[in-house]
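Architecture at a glance
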Amino acid sequence: QEEEDEGEGEEDGEENEGGEPEEEQEEEGDEDSEAEDNQATIPKREYNDIKEGRTLFVNNIPFDAEKDDLEEVFSAFGEVRYIRMLMDHEKDRPKGSAFVQFKEKKAADACLAENMNFGGRDLILKRAVEKGTITPTELTSGGKKDNRNLHLAMEGVIKEGTKAAEGVSKSDMMKRKLALESKKKKLKNLKHFVSTDRLCVRNMPSTFNETELKKLMSKYGHVTQVKIMRDIKQANSQGVGKSRGFGFVQFSKLAAALAALRAVNNNPDVFSALKRPIVDFSIENSTILKARDKKVSRNEGESEKGERKKSFKQRWQERRQSMKEKKGKEGKKEEKTSEVKSADNSSCKKKKPAKKAQKKPGGKPKQQTVQAEDKATPTPAEPAAQVTKKKKTRSERPAKKQKREKDEVEEKQFQKLVSNYKNRLEGGGQAAGFKKWYEE
């Protein structure tokens, strides 16, 4: 019996030993299930800043703006909790937009009520909304419109140190910097805006012409106009000026212009690796475009009335012809005036006929008056000859007088010498048969 009891005890012990781990496993499973239940019951943190209207979405921020600068500007309306600037990681530059969260709704309302300008740009302010609750069309239509297309201003810009700047020569990088600076200066004027369909192509070779440029850009869309700026002062034999290295290409759509810009800009296979094309959207002046549109509309109105619009070449030829005719008329007038003057001079030189003596009834003619008229009106040839003779005698008279006086003095001196010599010979007592030299 004792052995049986021991056996039974051993069996019970084995069962206890084997059962203990099962209980422990059950306890661990219960703890895991409890932890999962606790995690499921913890509510997610809700952000009420969007519902409360304390967060704003800011667009049209300058690309070179810093976070601290924005915080300094928006802190004037109230305490700013955070600012998150959006980045374009493909181009390695800011997108020009950010989220600004205020601590109080009053600060956000005050900010929306103001027309804010930062860095020469008018900021576009809207209340932030939850993701997926607004469509792209509503986003573009709501708030202030970007009438100057400033979001296209930084398309094609390559900054030093980025991946896109690898392989760019120093001269090309300097040209890009200068182009960016000039663009910023122009856009400070509110009359300037960025074109949506016109590209400016710089850094072109001097031999690159309009047909080649159109062929290059036509791959990406319909090209309506191509123009290369030229120096007329340095024109060739055909009258074509030397290229100044830049030009403009007009497309029919924005999508085509954008595709051409992204494909051609900084492409080493277009011109050369050391001289790459610099392409960006053109900066236009609204006042010049308005004046041009008025001129076009006026010309169209004239064409509707029946007057055919003339080309620049036709107008230039007509103007040239009118100038020639004007010069011809002036020349003819001058010839006529010269002929009239010559005729007047010849008539003046002709001798006036003497007036006939009028016979009085029963009296003699007046001969004295006729003689006086003859004296008063000499022939044109005789006075001229007399004047010339007088001029000669007057000019030559002093010289002749001096010569005559000199000759007289020399003659007197010679006669004096002869008389002295004669007296010496006669008084010397020479023979009477001797003949003197002056007696021969």
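What comes next concerns the included structure. Just so it is clear, the structure is predicted and the values come from calculations on it, not from any experiment.

1. Topic: the packing of aromatic side chains
What the rule picks out here adds up to 4 aromatic pairs. Here Phe-57 and Phe-99 contribute two aromatic rings whose centre-to-centre distance is 5.2 Å and whose plane-to-plane angle is 55 degrees, an arrangement assigned as tilted. In this pair, Phe-57 is assigned in strand 1 (residues 55–59) and Phe-99 in strand 3 (residues 93–102), connecting sequence segments 42 residues apart. The exposure class assigned to Phe-57 is buried, which follows from its relative accessible area of 15%. Look at Phe-74 and Phe-102: their rings are 6.4 Å apart centre to centre, the planes differ by 70 degrees, and that puts the pair in the edge-to-face class. Linking Phe-74 in helix 3 (residues 67–74) with Phe-102 in strand 3, this pair joins segments that are 28 residues apart in sequence. By relative accessible area, which is 0% here, Phe-74 ends up buried. You can call Phe-102 buried: its relative accessible area is 0%.

2. Some thoughts on a negative patch on the surface
Where like charges cluster on the molecular surface, the negative patch consists of Glu-66, Asp-68, Asp-69, Glu-71 and Glu-72. Relative to the helices and strands, Glu-71 is located in helix 3. According to the relative accessible area criterion, Glu-71 is partly exposed, its value standing at 33%.

3. Some thoughts on a positive patch on the surface
Taken together, Lys-329, Lys-332, Lys-333 and Lys-336 make up a surface patch of like positive charges. Examined against the element boundaries, Lys-329 turns out to sit in helix 10 (residues 312–349). Using a relative accessible area of 57% as the deciding quantity, one classes Lys-329 as exposed.

4. Points about unusual backbone geometry
Its identity as a non-glycine residue notwithstanding, Asn-60 has a phi of 70 degrees, on the positive side. If you trace the backbone, Asn-60 turns up in the loop between strand 1 and helix 3. Note on Asn-60: relative accessible area 8%, which makes it buried. Positive phi is not limited to glycine here, since Asn-149 has a value of about 55 degrees. Inspection of the secondary structure puts Asn-149 in the loop between helix 5 (136–141) and helix 6 (170–187). Asn-149 gets classed as buried once you look at its relative accessible area, which sits at 15%.

What counts, and at which threshold
- Residues numbered from 1 in each chain as written.
- Predicted model: local features only at pLDDT ≥ 70, side-chain atom pairs only at ≥ 80, totals over all residues.
- Heavy atoms only, no water.
- Phe/Tyr/Trp six-rings, centres within 6.5 Å; stacked < 30°, edge-to-face > 60°.
- Helix = DSSP H or I, 4+ residues; strand = E, 2+ residues; numbered from the N terminus.
- Buried < 20%, exposed > 50% of the residue type's maximum accessible area, 1.4 Å probe, protein only.
- Patch = residues over 30% accessible without salt bridge, like charges linked within 9 Å, V, L, I, M, F, W, Y side chains within 5 Å.
- Areas by Shrake-Rupley, 256 points an atom, 1.4 Å probe, with all protein chains shown as cover.
- Salt bridge = Lys/Arg side-chain N within 4 Å of Asp/Glu carboxyl O.
- Lys, Arg positive; Asp, Glu negative; His and termini not counted.
- Charge placed at Lys NZ, Arg CZ, Asp CG, Glu CD.

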